[in-house]
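These are the residues of each chain, in order.
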Amino acid sequence: LASGALRARGVAARASRPARAIAMSTSSSTSSTSSSVVSPGGGIGCRGGRASSSVALPTAVGGSTAATIAADEPSSTEQRYFSGMNGKALNAPPPSEFPTMADVLSKIPKRCFVKDTGKSLLYAAVSTAITVGLGLAAYAYLPMTLAFIPAWIAYAFVAGTAATGCWVVAHECGHGAFSENKFVQDVVGYVLHSALLVPYFSWQRSHAVHHSRTNHVMEGETHVPARINTPDSDVVFKLRALLGEGPFTALNLVGVFLLGWPIYLLTGASGGPVRGKTNHFLPFMGEQGKFALFPGKWKAKVWQSDVGCVAVVAALAAWAVAAGSVWPVVALYVGPYLVCNFWLVLYTWLQHTDVDVPHFEGDDWSLLKGAFMTIDRPYGAVFDFLHHKIGSTHVAHHINHTIPHYHAEEATNAIKEAYPDLYLYDDTPIASATWRVGSKCIAVYKRGDEWVFTDQPLPATAA
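Residues numbered from 1 in each chain as written. Predicted model: local features only at pLDDT ≥ 70, side-chain atom pairs only at ≥ 80, totals over all residues. Heavy atoms only, no water.

**Topic: helix α11 (residues 327-352)**
Stated precisely, the cut-off is as follows: Segments assigned H or I by DSSP are reported as helices when at least four residues long, segments assigned E as strands when at least two residues long, and all are numbered from the N terminus. Multiplying one less than the number of residues by 1.5 Å gives the expected span of a helix. To get the bend at any residue, fit one axis to the seven residues that end at it and another to the seven that begin at it, then take the angle between the two axes. Under the scheme applied here, a residue whose accessible area is under 20% of the maximum for its type counts as buried, over 50% as exposed, and between as partly exposed, the area being computed with a 1.4 Å probe on protein chains only.
Here α11 spans 37 Å end to end across 26 residues, near enough to the 38 Å set by a 1.5 Å rise per residue. The largest bend in α11 amounts to roughly 35 degrees and is located at Y333, with the proline P336 lying one to four residues further along. Taken across its 26 residues, α11 has 21 buried, putting it largely inside the fold.

**Some points on the pattern of salt bridges**
Short version of the rule: A side-chain nitrogen of Lys or Arg and a carboxyl oxygen of Asp or Glu constitute a salt bridge if their distance falls within 4 Å.
The tally for this structure, following the rule as stated, stands at 16 salt bridges. Linking E245 and R240 is a salt bridge whose minimum nitrogen-to-oxygen distance equals 3.7 Å. The exposure class of R240 is buried, given its relative accessible area of 8%. Here K389 ties to E409 by a salt bridge, and the two come within 2.3 Å at their closest N and O atoms. Here K389, found in the loop between α13 (380-386) and α14 (394-399), pairs with E409, found in helix α15 (residues 405-418); they are 20 residues apart in sequence, far enough to count as distant. The partly exposed category is assigned to E409, whose relative accessible area is 42%. Each of R80, R240, E245, K440 and D455 takes part in a single network of salt bridges with overlapping partners.

**As for the packing of helix α7 (residues 200-212) against helix α10 (residues 298-323)**
Put simply, the rule is: To get an axis, fit a line to the C-alpha atoms, keeping to the stretch in contact for a helix; angles then go from 0 to 180 degrees between the N-to-C directions. Relative orientations are named as follows: roughly parallel for angles under 35 degrees, roughly antiparallel for angles over 145 degrees, roughly perpendicular for angles from 65 to 115 degrees, and oblique for any other angle. The contact criterion used is simple: two residues touch if any of their non-hydrogen atoms lie within 4.5 Å. Polar here means any residue other than Ala, Val, Leu, Ile, Met, Phe, Trp, Tyr, Cys and Pro, which are nonpolar, and Asp, Glu, Lys and Arg, which are charged; Gly is therefore polar.
At their nearest, the axes of α7 and α10 sit 6 Å apart, and the two run at 135 degrees to each other. By the angle between their axes, α7 is oblique relative to α10. Between α7 and α10, the contacting residues are Y200, F201, S202, Q204 and R205 on the first element and W298, K301, V302, Q304 and S305 on the second. For the contact of α7 with α10, a count of residues per class yields four nonpolar, four polar and two charged.

**Focus: the confidence of the model for the chain**
This is how it is decided: What pLDDT conveys is the predictor's confidence in a given residue, as a value from 0 to 100.
Across the chain, the average pLDDT comes to 86, with 83% of residues at 70 or higher. Every residue in residues 1-75 scores below 50 in pLDDT, and together they form 174 contacts with partners more than four places removed in sequence or on other chains.

**Notes on the side chain of T131**
This is how the line gets drawn: What qualifies as a polar contact is a pair of N or O atoms within 3.5 Å, subject to a donor-acceptor requirement within protein and to the restriction that residues adjacent in sequence count only when both atoms come from side chains.
By secondary structure assignment, the location of T131 is in helix α4 (residues 117-141). Overall, the relative accessible area of 18% leaves T131 in the buried class. Only 3.3 Å separates the side chain of T131 from the backbone nitrogen of A163, close enough to count as a polar contact. Sequence-distant contacts of T131, that is, excluding residues within four places in its chain, are made with A159, A162, A163 and C166.

**What about helix α16 (residues 430-440)?**
For α16, a buried count of eight out of eleven residues is recorded, marking the element as mostly surrounded by other parts of the structure. Turning to α16, its buried residues are I430, A433, T434, R436, V437, G438, S439 and K440. In this structure, the buried residues of α16 make contact with α8 (231-243), α9 (245-267), α11 and β4 (450-454).

**Details of the side chain of H211**
As for its placement among the helices and strands, H211 is situated in helix α7. Other than its neighbours up to four places away in sequence, H211 contacts H175, L367, H397, H398 and H401.

Here it is, written out as structure tokens:
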């Protein structure tokens with residue numbers, strides 16, 4: 001940890017605990033390598049050696065109730081793959097050894113928390129102008145004929161990429177990072193998110209839950225991994241075995257990027273198991289007790305969100321009727337909409353998932369420990385500009401989501417300097433990291449006090 005005293009306490013405490021089933025490679029992997037196979041040994045900040053105890057695996061039914069698997073074969077319980085972080089997040093200390101949230105926030109300059117409404121509105125205007133301008137240009141200059149399908153595909157990618165900037169601005173509104181004026185903030189967020197068929201208040205609530213339970217294997221929200229030996233993971237392993245790794249990974253990525261976002265909104269897919277099948281448009285779906293996604297006043301806010309989305313769908317339908325064809329709507333709106341969804345899912349997935357980033361539950365998890373499991377990645381200057389650095393400064397965003405994006409880089413540098421042992425950054429090229437996650441991060445099993453990813457089924461036996 002950042003201070004010498006805290007780091008020394010952490011190393012000493014970890015050294016005094018029993019060795020977990022983990023072997024770390026001491027050699028660094030290159031950023032272009034999609035994964036590397038483990039070699040026995042110890043890594044910096046990690047416990048080395050073979051397992052001295054069994055590994056807990058969940059049974060096919062029940063919450064986090066676990067059966068056990070004997071660690072007879074090292075390959076089944078040792079870390080097999082590494083990202084560009086080289087296992088840095090694995091074998092994290094318990095929450096008690098992490099700094100306090102107040103300590104971390106004190107390291108971030110106070111000016112990073114200042115919201116400038118004028119500047120926020122300017123960024124919103126720029127993203128909106130680029131997106132609308134591209135649409136008007138396409139409408140004016142691209143013939144709607146079969147010969148121009150490649151041009152329309154290119155337009156969809158460029159316009160959808162630009163529209164993601166509008167999405168990020170609305171995301172900032174939902175977090176309270178846009179303005180001190182709540183009315184202005186909610187109007188901007190509601191309009192931009194509704195235009196992209198996102199139920200603003202519904203998502204505001206579910207995303208707040210995501211932040212409050214980041215990398216919690218049972219109570220997290222969005223991209224919560226399937227636990228091994230459950231129906232969800234079993235069907236994926238069977239499909240992977242049937243198709244082979246390459247074809248499965250391609251199909252997995254296409255399915256997640258094309259359908260993942262709407263399926264999440266409609267069914268809560270990849271949401272926390274404790275919440276059941278939720279729906280961002282129907283607040284009475286899913287768990288209604290302690291773990292209700294939309295408790296109390298949020299039910300009314302869900303219905304308010306529905307109004308905006310229904311209005312946009314009605315406008316799109318009226319446009320198709322007026323045009324005498326659905327194709328203008330498909331070409332000018334649906335194509336960019338799907339690309340925007342792709343970016344949203346890509347960012348969220350890669351910000352919290354990789355082969356060597358664990359999940360936790362119970363007393364092994366804490367708000368700050370979960371936040372520090374967030375990963376910053378290199379998206380390049382163009383995408384950082386268009387998307388307001390949502391992917392390259394996301395650790396700071398999870399430390400405190402009210403930091404405006406135009407201060408996030410400074411906050412990131414402060415966190416990185418103060419807590420170099422906790423800050424996660426993976427320099428793997430985005431395409432390689434995406435393929436690795438889609439191929440290797442199939443399900444998690446409990447190894448020691450962490451839930452870690454595997455790409456192979458592991459047999460469960462009675463405890």
